[in-house]
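Residue strings, one per chain:
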Amino acid sequence: MTAARRTLATASFGTLVALVAFTAPLATVNLTVAGLDAGTSGRTWILSSMSIGLGAFLLTAGRIADDFGRRRTFVAGAVILAAGSLLGLVAPEVVTFVVARVVQGVGAAAMIAAGLGMIAVAFPERRERAHATGVWGASVGAGIALGPLLSAGLAKVGSWRDVYVVLVAAGLALALTARGCDESRVGQRARLDVPGVVLLALGMAAGLAGLTEGREGWGRPLVLGLLVTGVVLLGGFLYVEQHSDHAMLDLALFRRPAFAAVTLAAVATGGGIIALLSYLSGFVGSALGLSSWTASWLMLAWSGTSVVTALAARRLPVAWSGRARLSATLVVVGAGQLLLWNIVPSDGAGRFVPGLLLAGIGSGVLNAALGRESVASVPAGQGGLGSGANNTARYLGSALGVTVVSIVAAPSGVVSSASLVDGWNRAVLVTAAVSAVGALSVVLVGARVTAVDAAPDNLSPQEADAA
């Protein structure tokens, strides 16, 4: 295996494992809640806590990877993911388990951000990178598909905890495998922006914790305090970045049409299809009486299809710009969501399949495009930052979207199948609208700049194309 292919295989498998960890509790949440005696509030935290670690550290991990070594950051992330999984395996109660999920999120953030940065360096040629990011995009869908199936299958023959044994082993194996990949970093290391790192991590964590806790009631002092703290800290982060001579995130990047477009597309992806399907497993079980195993196979109709189309995305005409791919696939994803509208209590699993398949077709090409454009839209040598920023936008969109879905879909009064179905149908319209608005925003943000236009002036056209 060549060094480039080894890097692609390691980074893609790392992303797959991170997504398996992220989605595993979806299929076994009822067993997990019962095993930890977690209650309603604990259930919400079990499903949302890994998002806090991911959202808080993705951007930071990308910056650290570029400056201090992408392989080194990836290895550290794999070890942290294994440690968090081990803690989840032995957690005696819900608070420890939630901490374990946050730790898993931190490790997953390092693996995702550093892994895509490693791919960008290993495949500098434009066509090769399109193929590589297609494989990476397929790993996203594969991880989402495999997580619920693996956890549900292991729970059938053993315990809901067994999936964490697999994650510990996978994390350690990745740490060992990644040591055989080439190291890469920027030529001139910048000073670590410690105030920016602290403000961003704490601000994202507080804001996401407020959104999570708010689903149990929005007027409580704890919720308001967390949300206000998050806003203040993130505002402080933006102020520090604007005035720092070694900012972690150059705010001028948002003036680049390509960077703005891929960031908007990531937010729309998280707030649209990901937010809706995060609600799917619980909905079909509570409203339609379908088993968690059936719900996992329904998720596979979407994510499995996305694996195929992500791999096929490299065959799309090169002349199709990143902006065109992002906007068109968001439209397809939105159309797939609309096919999931107008559900009735008597519907079975088959009613969801056409919409999930169509959404999966769009999601696969979208995942590949997000991976490719996130590293092409930033200056050369900042692929980890581009990956971290894009995935931060996706998970922030997901956190906001899941919160909106929980509000829109929440039935009032007596809970019945009919009220749950009505809530689902409202949520579908909202998330489909998010996808549509995202597609329109990508179009309106302006023509995509080419890598040559976006690259520093001292790069040759060949180097700029590689960027």
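Everything numeric here is computed off the predicted structure, so don't read it as measured data.

How each quantity is defined
Residues numbered from 1 in each chain as written. Predicted model: local features only at pLDDT ≥ 70, side-chain atom pairs only at ≥ 80, totals over all residues. Heavy atoms only, no water. Helix = DSSP H or I, 4+ residues; strand = E, 2+ residues; numbered from the N terminus. Rg over C-alpha atoms; globule rule 2.2 N^0.38 Å. Buried < 20%, exposed > 50% of the residue type's maximum accessible area, 1.4 Å probe, protein only. Contact = heavy atoms within 4.5 Å. Areas by Shrake-Rupley, 256 points an atom, 1.4 Å probe, with all protein chains shown as cover. Lys, Arg positive; Asp, Glu negative; His and termini not counted. Charge placed at Lys NZ, Arg CZ, Asp CG, Glu CD. Core = buried A, V, L, I, M, F, W, Y, C linked by side-chain atoms within 4.5 Å. Salt bridge = Lys/Arg side-chain N within 4 Å of Asp/Glu carboxyl O. Phe/Tyr/Trp six-rings, centres within 6.5 Å; stacked < 30°, edge-to-face > 60°. pLDDT = per-residue confidence, 0-100.

(A) Quick look at the overall build of the chain. For the chain, the helix and strand inventory stands at 17 helices and zero strands. Here the C-alpha atoms of the chain give a radius of gyration of 21 Å, agreeing with the 23 Å that 2.2 N^0.38 yields for 467 residues. Its C-alpha atoms put the chain at 65 × 45 × 45 Å along the principal axes. The buried share of the chain, taken over its 467 residues, is 55%. Considering only contacts in the chain between residues 6 or more positions apart, those separated by 24 or more positions represent 82%. Of the roughly 17700 Å² that the chain leaves accessible, carbon and sulfur atoms contribute 67%. Here the chain contributes 30 positively and 22 negatively charged side chains, and the mean placements of these two sets differ by 5 Å.

(B) Summary view of the nonpolar core. Ranked by internal contacts, the top residues of the largest apolar core, which has 117 residues, are Leu-54, Leu-280, Phe-283, Phe-352, Leu-356 and Trp-424. It is helix 10 (residues 257-288) that provides the largest number of residues to this core, a total of 16 residues. Every residue in contact with Leu-54, bar those within four places of it in the chain, is listed here: Phe-22, Gly-105, Val-106, Ala-108, Ala-109, Ile-112 and Tyr-395.

(C) Representation of the pattern of salt bridges within the structure. The final tally for this structure, using the stated rule, is five salt bridges. In this structure, the salt-bridge partner of Asp-66 is Arg-70, at a minimum N-O distance of 3.0 Å. Taking the shortest distance from any N to any O, the salt bridge between Asp-347 and Arg-351 comes out at 3.8 Å. Looking at Arg-351, the relative accessible area reads 27%, which means it is partly exposed.

(D) Summary view of the packing of aromatic side chains. Throughout the structure, instances matching the rule amount to 11 aromatic pairs. Aromatic side chains Phe-97 and Tyr-164 sit 5.7 Å apart centroid to centroid with 85 degrees between the ring planes, which places their arrangement in the edge-to-face category. You can see Phe-97 sitting in helix 5 (residues 94-122) and its partner Tyr-164 sitting in helix 7 (residues 162-178), a full 67 residues away along the chain. Accessibility assignment for this pair places Phe-97 and Tyr-164 in one class, buried.

(E) Broad picture of the confidence of the model for the chain. Predicted confidence across the chain gives a mean pLDDT of 85, with 93% of residues reaching 70 or more. Ranking the helices and strands of the chain by mean pLDDT puts helix 4 (residues 70-90) first, with 96, and helix 17 (residues 461-466) last, with 37. For the stretch residues 448-467, pLDDT sits under 50, and the model shows 29 contacts to residues farther than four places along the chain or on other chains.

(F) Representation of unusual backbone geometry. Its identity is not glycine, yet Asp-37 carries a phi of approximately 50 degrees, on the positive side. Along the chain, Asp-37 turns up in the loop between helix 2 (25-36) and helix 3 (39-68). A positive phi angle, close to 65 degrees, is found at Asn-342, a residue other than glycine. Residue position: Asn-342 is located in the loop between helix 12 (322-338) and helix 13 (353-376).

(G) Representation of the environment of Val-375 in the model. Examined against the element boundaries, Val-375 turns out to sit in helix 13. The class of Val-375 is buried, set by a relative accessible area of 4%. Sequence-wise, Val-375 and Ser-286 are 89 residues apart; in three dimensions their C-alpha atoms are separated by 41 Å.

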